[in-house]
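Structural overview
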Amino acid sequence: MKIELYANAFNPWEELNRYQNTHALQGRVGAACVFVGTMRDFNEGDTVSAMYLEHYPEMTSAYLQKIAAEAQQKWPIEDLVMLHRYGQIQPNDTIVLLAVWSAHRESAFAACRYLIEELKTRAPFWKKETLLADNSSRWVQGTLKA
Amino acid sequence: MAITAKFFASLRESLGLDESRIALSEVNTVAEVWDQATQGAQMPPNTLMAVNMEYVTGDHHVKDGDEVAFFPPVSGG
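Scope of this entry: the structure provided in the associated data block. (Residues numbered from 1 in each chain as written. Chains lettered and ligands numbered in written order. Predicted model: local features only at pLDDT ≥ 70, side-chain atom pairs only at ≥ 80, totals over all residues.)

Another aspect to go through is the packing of helix α2 (residues 57-74) of chain A against helix α3 (residues 105-122) of chain A. Residue and element names in this part refer to chain A. Remark: α2 packs on α3, axes separated minimally by 10 Å, with the N-to-C direction vectors making an angle of 150 degrees. Between α2 and α3, the angle is such that the two are roughly antiparallel. Crossing of α2 over α3 shows right-handed handedness. Here Tyr63, Ile67, Ala71 and Lys74 of α2 lie close against α3, whose contacting residues are Ala111, Tyr114, Leu115, Glu118, Leu119 and Arg122. Each residue belonging to the contact of α2 with α3 can be placed in one class, and the counts come to 7 nonpolar, no polar and 3 charged. (Axes fitted to C-alpha atoms, helices over the stretch in contact; angles between N-to-C directions. Helix = DSSP H or I, 4+ residues; strand = E, 2+ residues; numbered from the N terminus. Parallel < 35°, antiparallel > 145°, perpendicular 65-115°, else oblique. Left-handed = near helix turned anticlockwise from the far one by under 90°. Contact = placed C-beta atoms within 7 Å. Nonpolar A, V, L, I, M, F, W, Y, C, P; charged D, E, K, R; others polar.)

In structure tokens, the structure reads:
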């Protein structure tokens, strides 16, 4: 399992490749489900030129660990990866990489979905975007738990 | 005997308040920590609260050394 916060840009596919090559997952897993969240260059009708991703470091780490542990309790997961950016972000940068390996697809899909939905409502990150038109910035409306 | 209150994102900016130390003798609950730290500012709807990195509600009792955080709904991922 790997759960980490990154201050700098990363390539999710290289991360996955490296992880798969250094962890003995072969044979045990029949399904891998991957979610990659990327920064768009538009939001609410405006062109966005950059974003600052603030977080509450100690609580963010604690919650990523907690959400991962919950997913492991709910589904038979062989392994998982959660990588999340913070700080200054550019359009097309990866914000989050989630990967779940399991024996079967049902649990891989369900657990991966759980990780992203819980992360989006419970992990303390806040996006502040800069608009291309006038270089002004605004906070992105957060997601309330249903 | 004190409590640390922390504010994040749009809340930090609108209050102009990053972190504040509150004497435990002044407060019993998280809601009272807010009142004391912000000098009675109205709490925006949907404000989230945490004590020592766990989500709580305003009626949660605080104790010496607690870290209390206030922040808007989260927007990661």
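Structure shown, so let's carry the discussion forward.
With respect to the helices and strands, the residue Thr29(B) is situated in the loop between β2 (19-23) and α2 (30-38). On a C-alpha basis, the gap between Thr29(B) and Gln39(B) in space is 15 Å, while along the polypeptide they are 10 residues apart.

The interface is formed by 25 residues belonging to chain A together with 14 residues belonging to chain B. Of all the secondary structure elements, the ones that give two or more residues to the side of chain A that touches chain B are α2, β7 (94-102), α3 and β8 (125-131) of chain A. Considering every element that reaches the side of chain A that touches chain B, the biggest residue donor is α3(A), with 5 residues. Tallied by class, the residues present in the side of chain A that touches chain B amount to 14 nonpolar, 6 polar and 5 charged.

With that out of the way, let us pick up unusual backbone geometry. All names here are of chain A. Positioned with a positive phi, asparagine 135 is a non-glycine residue whose angle comes to about 65 degrees. Relative to the helices and strands, asparagine 135 resides in the loop between β8 and β9 (137-139). On the basis of neighbour counts, which here come to 9 C-beta atoms within 10 Å, the residue asparagine 135 falls in the exposed class. (Buried ≥ 20, exposed ≤ 12 C-beta atoms within 10 Å, placed from the backbone.)

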